[in-house]
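As a plain string of letters, each chain reads:
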Amino acid sequence: MGRTLPLFPEAASTFAGNVDALYFFLVAVTAFFSVLIAGLVIFFAVKFRRRSPDEVGAPITGSLALELLWTIIPLILTMVMFVWGAWVFLDLARPPRGSMEIFVVGKQWMWKVQHPDGQREINELHVPVGRNVRLTIGSEDVIHSYYIPAFRQKIDAVPGKLTTMWFNASKAGEYHLFCAEYCGTKHSGMIGRIVAMEPDDFEQWLAGGAGSTPVAGGEQLFTDLACVTCHQSDTGGRGPVLNGIAGKAVLLADGSTVVADDNYLRESIMNPQAKIVAGYQPLMPTFQGLVNEEGLLQLIAYIKSLPSGGSGY
Amino acid sequence: MPDANQAAVHGGAHVDIHNPNLQHHFNDMAQQQEASTLGMWVFLATEIMFFGGMFLCYILYRYWYHDGFVAGSHHLDLFWGALNTVILIVSSLTMAFAVRSAQLGNRRGLMVNLILTMGLGAAFLGIKAIEYSAKFRDKVIPGRHFEWHEVDPIGAQAFFSIYFAMTGMHALHMVVGLGIMSVILFMSWRGRFNETYYTPVEISGLYWHFVDIVWIFLFPLLYLLGRH
Amino acid sequence: MPSPHAPVTAPATNYLNATHGLASWLLTKDHKRIAILYLISITLFFGLGGLFAGIVRLELLTPQSDLLEPDTYNKMFTLHGVVMVFFFLIPSIPAVLGNWLMPVMIGAKDLAFPRINLISWYLYVIGGVLTLAAILGGGVDTGWTFYPPYSTVSPSHVILAGLGVFVAGFSSILTGLNFIVSVHRMRAPGLTWFRLPLFVWAHYATSLIMILGTPVIAITILLLALERGLGLGIFDPTRGGDPVLFQHLFWFYSHPAVYIMILPAMGVMSELVAAFSRKNVFGYSFVAFSSLGIAVLGFVVWGHHLFVSSQSAYMGLIFSILSMLVAIPSAVKVFNWTATLYKGSISWDAPMLYAIGFIGLFTIGGLTGLFLATMGLDIHVHDTYFVVAHFHYIMVGGAIFGYLGGLHYWWPKMTGKLYSEAWARVSAIVIFVGFNLTFFPQFIVGYLGMPRRYAMYPDEFQVLNVMSTAGATVLGVGYTLPLAYFIYSLVKGPAASANPWGAKGLEWTIPSPPPTENFLVTPIVTEPAYNYNPGREVEVA
């Protein structure tokens, strides 16, 4: 066969080391207790083996001290795991501000990517080393999962909502990209590669031919879908002003407020009457079927790019 | 060493050992009756979890699609819904009378009340059929042909999905209930029950009350909540 | 100390030969005969599920998808999961060993509802036939988890297979109901709760999960079928539904379902450890209550299957800490079994070999579960072969080892025949070796990042996959051995005495095989379980 036998995955993101340290801690705990239990069981089974057919064991019923001991020690150990695991997780789950944002759409059976500068890729992702990269991920059909083992990072692509993941590549190279959530016939073909490049190489790659940017694409859609007839840049329109709305709190007709994050913006396009902004009528039709997941991401990019200038809420 | 585990007692020296309704693996009628009643309660716990899954969906979607749910709720017919609630409450009463008649060994009273209960159950299903056909006429059946011209069509569709799932599952339980009542009616016609043996009537009654109680929850959640 | 029990001579008629003919079996209300019906039917399904597993492993011998089309491969792993989970693991110990032993262990003539017990076997068979129909009609390719929206659009027989699972679920509910009522109402005089064998405690806890969890998967699958068949929009995002809600509902049952599979095996373990060290189980009440603890905590940990599914981070944290807690009662059990061996009189009979194997493998399986409850680590290993390896250590190393150990232990009682001890030891060792060779490499390939449910995979994973397939072959051979010597024992095996192991417990006080009514006279219980040293119990400090 003559193939290699790797035992440990490459670590190529800033938090891969943290995840691996946690892994080694759990491996150590597992090894310790497995050896301890197996050792004791075999030792007892040999030492106290039956020596005559009618022999019975010693009359020992239990020990409260021992019960407490082997309740409390595992409890402490698992709490250490929980806290450490939560600490690593919160780092993995919260993209830092100012990350470079790349849009990813999963569909059976490919990953479509659009960079902020307009470059498009399929089943590949070029990223610069040493920069925080945030992926905003949607799905056009079923659930997928964007998984980069070398970065120790994964998130599902769920139809009907947007998810995010982030990473900071620490080492240039090519890494596996897998779809980790079973998605039908060619699930195992929904793979690709992540190319982490030195910043200079990445700039060169970027210069290699950009299409229209997501913001420009969103602006085009905004006009094509006639969004602009109602959402004008002053308060005269029938719909709310969108300038500067992204990331702000929005007051709704029922008195509650909601933060205008990506998922809120997405819902407001696909199911506009779910949350009505205070002071406006529920007039907007759904754009479900009129705009695909990529278009949605572009519209969101466009809305987020609008300068805050109109009146706020 | 003497074996402490084994000692000879002949299974339950009770007077009712010869009751023809005592199954061979029970010691006495009391044990048999307790087992049957507990069995039905355990089964009802299962039923609560079964409907619980749908109630969870209801709560979540009502929270997400408040406006669609209010609008969808307005579309339901309050009159038929309220009438059905009254019918089921009365049927619970007649069911309770039936159980009491069985305990007293009153065969005639048992049968009359069972027939009343079944009649009311059938009336409930008839009214449900009228309501369903109105929904078909108005094309508010979830799916490709769903039509909605008021606020929040997506939320309204979620409302009607849940409406049909919950009331449909409830109606199915009513149909099963009618089947059980038919068997009980047949058994009482054959004179199978008396003062010492009425457990089947009792546990069927528990089932019937449970199905009624589910409706008592469904009616306000689906018909009333959010209505002005 | 003389032999624990005076020999009980086997009477001429017993439950096996009391009546004859197929109808006397298919219409029986005797819990012991129903257990035998289950034994035969779940063995058939185990063979079927094993066949699918074999095909999956064969395909994974090479990185390319060369033996099967990807579509066929997807159907194979789906069917392996559906058949093994719903038609083998969930019914295995409760419906076979539990059905046979629960009434005997509580000193009753039968379960509370013998007719319902028979109905539950028929429901199991009907569910199995529906699923087989889905298989013969072209299969299902959604994975055993049936996640929408894929399961609403998949062009395979989802509804039929789902219906099979739905019907089989009611079989499980009725079994649980029967056990709960029987334990409450049918115990022999003097048999208080704290004199019950731990096998009964474990099955009681299992039954709680069966009656409270199973209806939730039933309604979930029903809603999925309504969505697929009628167009309801509960889980479909284009109609306002939420696919993640399905995952919540699915795992609300399916995580506790893991405990439906493992708790009865833990019950078997307590019996084996006590019988083969001739000692009472160390910390009886801790072991008993840890079963209930697992059953209760098992209901509040489902969200650890959703750490990467867009669930909010705070919900994730809560589910993570709760999942950590459920490890404690499992650890308590393992430590108590180990302590039971101390100063025991330990025999190395085949059932004990399975018990020893169980303790080791369950320890690894349980500890690797902590990797998945640890959030920062789960992000990486979620949906990889690490998960596959972990749950096979629990399902095979735990549940199947428990099942086989229990089957060997009670086989003489159930059939009145002795099997070949030498062959039984050989097969236990072969299964242990084959199992570890199959699944240990999967931990490594999982941490390397190989996702589960892949028909094709990158070349560098091949060596580990070849090891795994080689192990599966050994495991397959190991499984066929018991089938052979068990059947042989029925034909040519020597007759078993009432208590061939010299064990304590009501089941060993009646003939092998026992008469239809189990006890000719109702037993009166005056001592705790596992009382090998009457009157000499001491507490160690």
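Residues numbered from 1 in each chain as written. Chains lettered and ligands numbered in written order. Predicted model: local features only at pLDDT ≥ 70, side-chain atom pairs only at ≥ 80, totals over all residues.

K.L.:
Would you mind going over the overall build of chain B with me for this structure?
P.N.:
A tally of regular secondary structure across chain B gives 6 helices and 0 strands. Counting only C-alpha atoms, chain B reaches 80 × 55 × 30 Å along its principal axes. Here chain B holds 228 residues, and 39% of them are scored as buried. A separation of at least 24 residues holds for 75% of the contacts in chain B among residues at least 6 apart in sequence. (Helix = DSSP H or I, 4+ residues; strand = E, 2+ residues; numbered from the N terminus. Buried ≥ 20, exposed ≤ 12 C-beta atoms within 10 Å, placed from the backbone. Contact = placed C-beta atoms within 7 Å.)

K.L.:
Before we go on, may I ask you to explain the overall build of chain C in this structure?
P.N.:
When its secondary structure is counted, chain C shows 15 helices and 0 strands. Taken over C-alpha atoms, the radius of gyration comes to 23 Å for chain C, in line with the 24 Å a tight globule of 541 residues would show. Each principal axis of the C-alpha atoms in chain C carries an extent, and together these give about 70 × 50 × 45 Å. The buried share among the 541 residues of chain C stands at 69%. (Rg over C-alpha atoms; globule rule 2.2 N^0.38 Å.)

K.L.:
Would you take a moment to explain unusual backbone geometry for this structure?
P.N.:
Of all residues except glycine, most have a negative phi; of all peptide bonds, most are trans. All names here are of chain C. For the peptide bond that leads from Pro 148 to Pro 149, omega is 0°, which places it in the cis range. With respect to the helices and strands, the residue Pro 149 is situated in the loop between helix H4 (114-136) and helix H5 (150-153). Here the amide bond leading from Ser 512 into Pro 513 is cis, since omega sits at -15°, within 30 degrees of zero. Relative to the assigned elements, Pro 513 resides in the segment after helix H15 (462-492).

K.L.:
Would you mind showing me how to read the confidence of the model for chain C here?
P.N.:
Close inspection of predicted coordinates is inappropriate for parts of the model with low pLDDT. With 97% of its residues at a pLDDT of 70 or more, chain C shows a mean pLDDT of 93. Segment residues 1-7 of chain C is flagged for pLDDT under 50; beyond a separation of four residues in sequence, or across chains, it makes 17 contacts in the model. (pLDDT = per-residue confidence, 0-100.)

K.L.:
Before we go on, may I ask you to explain the packing of helix H2 (residues 31-59) of chain C against helix H3 (residues 70-105) of chain C in this structure?
P.N.:
Packed helix pairs are characterised by how far apart their axes lie and by the angle those axes make with each other. All names here are of chain C. Two elements in contact, H2 and H3, have axes separated by 8 Å at closest approach and are oriented at 155°. One element, H2, and the other, H3, form an angle in the roughly antiparallel class. For H2 against H3, the interelement crossing comes out left-handed. For the contact of H2 with H3, a count of residues per class yields 25 nonpolar, 5 polar and 2 charged. (Axes fitted to C-alpha atoms, helices over the stretch in contact; angles between N-to-C directions. Parallel < 35°, antiparallel > 145°, perpendicular 65-115°, else oblique. Left-handed = near helix turned anticlockwise from the far one by under 90°. Nonpolar A, V, L, I, M, F, W, Y, C, P; charged D, E, K, R; others polar.)

K.L.:
Hey, could you run me through the environment of Leu 111 of chain C in this one?
P.N.:
Residues and elements named next belong to chain C. By the element assignment, Leu 111 lies in the loop between H3 and H4. When the 28 C-beta atoms within 10 Å are taken as the criterion, Leu 111 is described as buried. C-alpha separation for the pair Leu 111 and Phe 179, spaced 68 residues apart in sequence, amounts to 7.1 Å. Discounting chain neighbours no more than four positions away, the residues touching Leu 111 are His 31, Met 102, Pro 103, Asn 117, Asn 178 and Ser 182.

K.L.:
Even after reading the chapter, I still don't get the interface of chain C and chain A, so can you show me in this structure?
P.N.:
Many structure descriptions define interface size as the accessible area lost when the parts assemble. With 90 residues of chain C at the contact, the number on the chain A side is 81 residues. The element best represented in the side of chain C that touches chain A is helix H10 (residues 313-341) of chain C, accounting for 14 residues.

K.L.:
Would you take a moment to explain the sheet that holds strand E2 (residues 110-114) of chain A for this structure?
P.N.:
Residue and element names in this part refer to chain A. Within the open sheet, the 5 strands sit side by side as E3-E2-E1-E5-E8. Their pairing is mixed. Looking at the sheet topology across the chains shown, the edges are occupied by strand E3 (120-122) and strand E8 (163-168). For this sheet the average axis-to-axis angle between neighbouring strands, irrespective of direction, equals 25°. Across the sheet, helix H6 (residues 293-305) is in contact with strand E1 (100-107), E2 and strand E5 (132-139); its angle to E5 comes to roughly 135°. (Pairing = 2+ DSSP bridges.)

K.L.:
I keep staring at the interface of chain B and chain A and nothing clicks. Help me out?
P.N.:
Taken together, the contacts link 8 residues of chain B with 6 residues of chain A. Counting only elements with at least two residues in the side of chain B that touches chain A, the list comes to helix H2 (66-75) and helix H5 (153-189) of chain B. Class assignment of the residues belonging to the side of chain B that touches chain A gives a composition of 4 nonpolar, 2 polar and 2 charged.

K.L.:
What's the story with the sheet that holds strand E7 (residues 153-157) of chain A in this structure? I'm lost.
P.N.:
To summarise the sheet geometry, strands pair through backbone hydrogen bonds and adopt either a parallel or an antiparallel arrangement. Residues and elements named next belong to chain A. Taken in spatial order, the 5 strands of this open sheet run E4-E10-E9-E6-E7, and their pairing is mixed. The strands lining the two open edges of the sheet, one partner per strand, are strand E4 (124-128) and E7. Pairs of neighbouring strands in the sheet enclose a mean axial angle of 20°, with direction left out of account. Across 5 bridges, the pairing between strand E9 (residues 173-179) and strand E10 (residues 192-197) is antiparallel.

K.L.:
Help me understand helix H6 (residues 158-185) of chain C in this model?
P.N.:
Side chains of residues three or four places apart in an α-helix project in the same direction, reflecting 3.6 residues per turn. The terminal C-alpha atoms of H6 of chain C, which comprises 28 residues, lie 41 Å apart, in line with the 40 Å expected from a rise of 1.5 Å per residue. Burial analysis of H6 of chain C places 24 of its 28 residues in the buried class, which makes it a mostly covered element. (Expected span 1.5 Å × (residues − 1).)

K.L.:
Is there a simple way to think about the environment of Leu 163 of chain C in this case?
P.N.:
Structurally, Leu 163 of chain C is set in helix H6. In this structure Leu 163 of chain C touches Leu 130 and Ala 225 of chain C, once residues within four positions along its chain are discounted.

K.L.:
Teacher, can you tell me more about H4 of chain C here?
P.N.:
Taking 1.5 Å as the rise per residue, H4 of chain C with 23 residues should run 33 Å; its terminal C-alpha atoms sit 33 Å apart, in good agreement. A positive phi of about 130° marks Gly 138 of chain C, the residue just after H4 of chain C.

K.L.:
Any chance you could explain the nonpolar core here in plain terms?
P.N.:
Among soluble globular proteins, nonpolar side chains are generally buried collectively. Judged by nonpolar contacts, the single largest core of 337 residues is most densely connected at Ile 162 of chain B together with Ala 355 of chain C. Those residues in contact with Ala 355 of chain C that sit more than four places away from it in its chain are Met 269, Leu 272, Val 273, Phe 276 and Gly 405 of chain C. (Core = buried A, V, L, I, M, F, W, Y, C linked by C-beta atoms within 7 Å.)

K.L.:
Would you take a moment to explain the environment of Leu 101 of chain C for this structure?
P.N.:
Residue and element names in this part refer to chain C. Tracing the chain through its elements places Leu 101 in helix H3. Look at Leu 101 and you get buried, because 28 C-beta atoms sit within 10 Å. Each C-alpha atom, one on Leu 101 and one on Gly 49, is 26 Å from the other, the two residues being 52 residues apart in sequence. Discounting chain neighbours no more than four positions away, the residues touching Leu 101 are Phe 199, Trp 410 and Glu 507.

K.L.:
Looking at this structure, I do not really get the packing of H6 of chain C against helix H7 (residues 198-230) of chain C. What am I missing?
P.N.:
All names here are of chain C. Between H6 and H7, whose axes approach to 8 Å, the crossing angle comes to 155°. Relative to H7, the element H6 is oriented roughly antiparallel. Considering how the two elements wind past one another, H6 and H7 form a crossing that is left-handed. In the contact of H6 with H7, the residues fall into 21 nonpolar, 9 polar and 1 charged.

K.L.:
Hey, could you run me through the confidence of the model for chain B in this one?
P.N.:
Mean pLDDT over chain B works out to 87, with 92% of the residues at or above the 70 mark. Throughout residues 1-15 of chain B the model reports pLDDT below 50, and contacts reaching past four residues in sequence, or to other chains, amount to 24 contacts.

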